[in-house]
Structures are given as structure tokens and as C-alpha cells.
Amino acid sequence: MSHHSLVADRRDRGLSYQSGGPTGAVLVHAGVVARRFGRFAGVAVGLTRSGDDLGEIVRQAQAAYRDGRLGDAAEMCHALLAEHPDDFDVLALLATIQRSARRDERALATYDRMLNLRPRAAWVWNDRASALHRLRRFDEALPNYDTALAIHPDFPDALNNRGNLLGELGRHEEALASYEAAQTILPDSAELHCNRAEALKQLRRLEEALASCDAARALRPDLAHAHNSRGNVLQELGRYQEALTSYDEGLALRPDDAKLHGNRALCLYELGRFEESRAGYATALALDADFDAIRLSACMAELQILYDSQAEIARCRAAYERRLRALRDAGEAVTDRIDLTRAVGLSQPFYLAYQGRDDRGLQALYGEMVCRAAAKRWPPVALAPPPRAEA
């Protein structure tokens, strides 16, 4: 499943959020306008009221953030907060740095401090939900998105993010409604068309999903994600050659996109072009070694329908086992990063039986990994206590 952020697209196009009264755009604090795009100009303006020295430290923290020196930037923020613990804008800068460093637990604590100061800051509720979402604490994230929307119902980013979360929960009708509500505010958002297409694809409304992808491409022909989404829908329709063309168009725009390489490799596998598929997965993993869904698909790509010789069967079988054991041995590190149960839905060892060997050991290995992932995704339900014997 692939979703897209609205914030990223606005950054690409140089657009900004609006503050003030309802305008159909996101209603956020002025300092956050710059925070969203890594510039922090509004934050600096807000802080210089406390003195030139303070403003200079903030500018240094901004520069450190832009240069990727996240540790230095965080230290400067902590130093500022030691003197000004309730400065909302410095807290906003610190939370952004923590999210960029993937310190989501720490960011949550910072958002809580911000909400103690401004409990009706809708964008903080949205960003807090996003941190919980990335931590896969879905049951906590959803009420945070709902709180953001209770404060500002016309908050398209919260509607979009809420749709993404509902999609991960398998609640695709609700996800679709959330995307379509966002589209009433941002009707020309190519990203929303892509996300809507994903929900429609999951609902098996494939022709509608394809139309949504085409609308996204018409709005943003330079958006690689639109070509990726279109390729995914075309694969579901069994139109693999057209899907391959869409992935190639996306890669022409973003040649280092691991997701596009992975989806293209899956398409090549469906076309029976196994060697090219394996090469595509290798490229995707070279770009993102932690792309676990692709690691599973690359494992399954070692299995093919026909073999030239017994030696080729032995080679492919050994490669399959090696990849499968690597995934199994990664254990919790994999299931913490992704919902492996969804990845399993894309790739199964269907062609293993075509090799005509004893597969019990390999299937037990695969089953162990999948059962562990399923148990993490759906923990056992606590049973009711046994009935007591009547006196």
C-alpha cells in the first residue's frame, strides 16, 4: 500500500499554508508555515522578540537543521528551552527535528508540552497523530486526527493522514470518505487523487481507481507517485505491459525511487521475466536495504514456473532459502517496521511446488515467519474465565 503526503507536494511546488480565518487551506500557527518546509523563518521572527541573542541561537539551530546536523540543532533547542521552557515556537522546531531524526517517542513528549500551552492547535494534534502512526500505535493515532478535525474540520492534511491510517486498518470505505472530504477543500491535489485511487483499488473499484490516477497525472505529469499508482492499478487489472510503461515513466522522473523499482520488478515477475525481476529487486534493495516488503517479494522472485535444468532448480531453491532465513532471522526488526501480513498478500511461494522437491522444511520456515507476523498484527484475544462449578 502506498500513500502520499500533501505536505511534500506543497514543498515541491513552493506553496505555503495560510494562517488566520478559514480559507480552505490548513489553519496553522504562523511559525509552522516555515517549519513545514524546513525554513523556520516564521519561527525566527516570533523568537526575536525575546532578544537578539535568542534570535541568533534560533537562526543557528535552523542552519544546523538545514545542514542535517540534527543533534546540534536539538541541543540548541534544549538550551533555549532551559531558559524559555514555554516558548511554543522553539518547541515546534524541536519536534520537527525529533521527527526528522525518527525520534518519534521524544517528539510525542514535545507535542504534549505544546498542547499544554495551546490545546486547540489543530496542526499539533495532526503531527502528534502522525508520530503515533509511524510508531504503529494506530488506536492512539486515530483519535488525535479526529481531535484535529474537531477543531478545524477543513484541515486537508488531517483528512488525508486520517485516510492513510484508516487504509492501513483495512477500513477502506472510511478512508475513501476521508480523502473525498479533503478533495472538497483541495480539488486539484494530485496526491489526494493518488490516495483516493489506492482506497478504490482496495475496494476493487479498479476502473474508478484508474480514472483517479489519470486525473492525478493530468494535474501533475511530473509527479512520479501518480505514475506508480497508475502502474499498481493496471497490475490489478492484469494489464502488465501498460503497468510496466507507467513504472518506467515514473522512474524517468525519479530514478532512485526504491518503491517504483520494486513495483516494476513485481510486474516483470508477473510477465515471466524472472531474471529482470530479480535485477529490479536488487536495485530496489540497493536503494533501500530496509524495504522489507520488497525483501519478501525478492525472496519469492527466486521461484519461477519453468527451469532449464536440475542445477537451476538447486540454485534458485538455495537462493530462496537464504533470503527466507534472512527475513526470519530479522524477526521483530521486520515486523516492527511493516505489517508483514500485508506484504504476504502480495507475494507467496506459489511456485515452490513446481520444483518437485520435498518442501516441508521450507514451508515450515515460511509458515513460522507468517504466523509470527500475524500474531503481532492480531494478538490473541483474552479468553473468558471458565465457569465456576455451582455450589
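Residue positions are counted from 1 within each chain, in the order its sequence is given. Thresholds applied to this predicted model are a pLDDT of at least 70 for local features of residues and 80 or more for the giving and counting of side-chain atom pairs; totals over whole chains, interfaces and linings are not thresholded and use all residues. Where side-chain values are given, they derive from all heavy atoms of the structure, hydrogens and water being excluded.

Draft legend 1. Inspection of the overall build of the protein chain at higher detail. For the protein chain, the helix and strand inventory stands at 22 helices and zero strands. Taken across its 391 residues, the protein chain has 51% of its residues classed as buried. Look at the contacts in the protein chain between residues 6 or more apart in sequence, and 57% of them connect residues 24 or more apart. Accessible surface area values rest on a Shrake-Rupley calculation with a 1.4 Å probe, where residue burial reflects the displayed protein chains alone. Only carbon and sulfur atoms are counted for the fraction: they give 52% of the accessible area of the protein chain, which is about 18300 Å². Counting from the N terminus, the helices are the DSSP runs of H or I reaching at least four residues and the strands are the DSSP runs of E reaching at least two. Under the scheme applied here, a residue whose accessible area is under 20% of the maximum for its type counts as buried, over 50% as exposed, and between as partly exposed, the area being computed with a 1.4 Å probe on protein chains only. Two residues form a contact once any of their heavy atoms are found within 4.5 Å.

Draft legend 2. Region of interest: unusual backbone geometry. A positive phi is found at Arg136, a non-glycine position, where the angle reads about 65°. As for its placement among the helices and strands, Arg136 is situated in the loop between helix H8 (122-134) and helix H9 (138-151). A positive phi angle is found at Arg204, which is not glycine, with a value near 65°. Residue placement: Arg204 occurs in the loop between helix H12 (190-202) and helix H13 (206-219). When its relative accessible area of 48% is taken as the criterion, Arg204 is described as partly exposed.

Draft legend 3. Region of the structure containing H13. How far a helix is expected to stretch is found by multiplying one less than its residue total by 1.5 Å. In this model, H13 (14 residues) spans 20 Å end to end at C-alpha, consistent with the 20 Å of a helix rising 1.5 Å per residue. Along H13, the residues that are buried comprise Leu206, Ala209, Leu210, Ser212, Cys213 and Ala216. End-on, the buried residues of H13 take up no more than an arc of 160°, which puts them together on one face. Facing away from the buried side of H13, by more than 90 degrees, are the exposed residues Glu207 and Ala218. Where the residues of H13 are buried, they touch H12 and helix H14 (224-236). When we speak of the arc, we mean the arc of directions from the helix axis to the C-beta atoms.

Draft legend 4. Geometry of the side chain of Lys201. By the secondary structure assignment, Lys201 is in helix H12. Aside from chain neighbours lying at most four places away, what touches Lys201 is Leu206, Ala209, Asn232, Val233 and Glu236.

Draft legend 5. Broad picture of the packing of aromatic side chains. The aromatic pairing rule takes the rings of Phe, Tyr and Trp, using the six-membered ring of Trp, and pairs them if the centres are within 6.5 Å, calling planes under 30 degrees apart stacked, those over 60 edge-to-face and the rest tilted. Applying the stated criterion to the full structure yields six aromatic pairs. The interplanar angle of 85° and the centroid separation of 6.1 Å between the aromatic rings of Phe88 and Trp123 together place this pair among those described as edge-to-face. Here Phe88 is found in helix H6 (residues 88-100), whereas its partner Trp123 is found in helix H8, with 35 residues between them in sequence. Given the relative accessible area of 1%, Trp123 is considered buried. With centroids separated by 5.5 Å and ring planes inclined at 75°, the aromatic side chains of Phe350 and Tyr351 adopt a geometry described as edge-to-face. Clustering of aromatic rings is evident, with ring pairs tying together Tyr269, Phe274, Phe350, Tyr351 and Tyr354. Cation over ring: Arg118 sits above Phe88, and NZ or CZ is 4.0 Å from the ring centre. Whether a charge lies above a ring is judged from NZ of Lys or CZ of Arg, which has to be within 6 Å of the ring centre and within 35 degrees of the ring normal.

Draft legend 6. How the structure looks around the nonpolar core. Counting 65 residues, the largest nonpolar core has Ile97, Tyr111, Met114, Trp123, Val124 and Phe155 as its most contacted members. Broken down by element, this core gets its largest block of residues, eight residues, from H6. Side-chain atoms within 4.5 Å link the members of a nonpolar core, which is a set of buried Ala, Val, Leu, Ile, Met, Phe, Trp, Tyr and Cys residues. Core analysis: the second largest hydrophobic core is formed by 31 residues, Cys299, Cys316, Leu324 and Tyr366 among them.

Draft legend 7. A look at H12. When the terminal C-alpha atoms of H12 are compared, their 19 Å separation across 13 residues agrees well with the 18 Å that a helix rising 1.5 Å per residue should span. Most of H12 is tucked away, with 12 of its 13 residues classed as buried. Taken as a whole, H12 has its buried residues at Ala190, Glu191, Leu192, His193, Cys194, Asn195, Arg196, Ala197, Glu198, Ala199, Leu200 and Lys201. Backbone geometry just after H12 places Arg204 at a positive phi near 65°.

Draft legend 8. Inspection of the pattern of salt bridges at higher detail. We define a salt bridge as a contact between a side-chain nitrogen of Lys or Arg and a carboxyl oxygen of Asp or Glu at a distance within 4 Å. Applying the stated rule across the entire model yields 33 salt bridges. Across the salt bridge formed by Arg196 and Glu180, the nearest N and O atoms sit 2.9 Å from each other. Here the residue Arg196 occupies a position in helix H12, and Glu180 occupies one in helix H11 (residues 172-185), the gap between them amounting to 16 residues. By relative accessible area, which is 17% here, Arg196 ends up buried. Assessed through its relative accessible area of 32%, Glu180 is described here as partly exposed. Across the pair Arg264 and Asp248 runs a salt bridge whose closest N-O atoms are separated by 2.6 Å.

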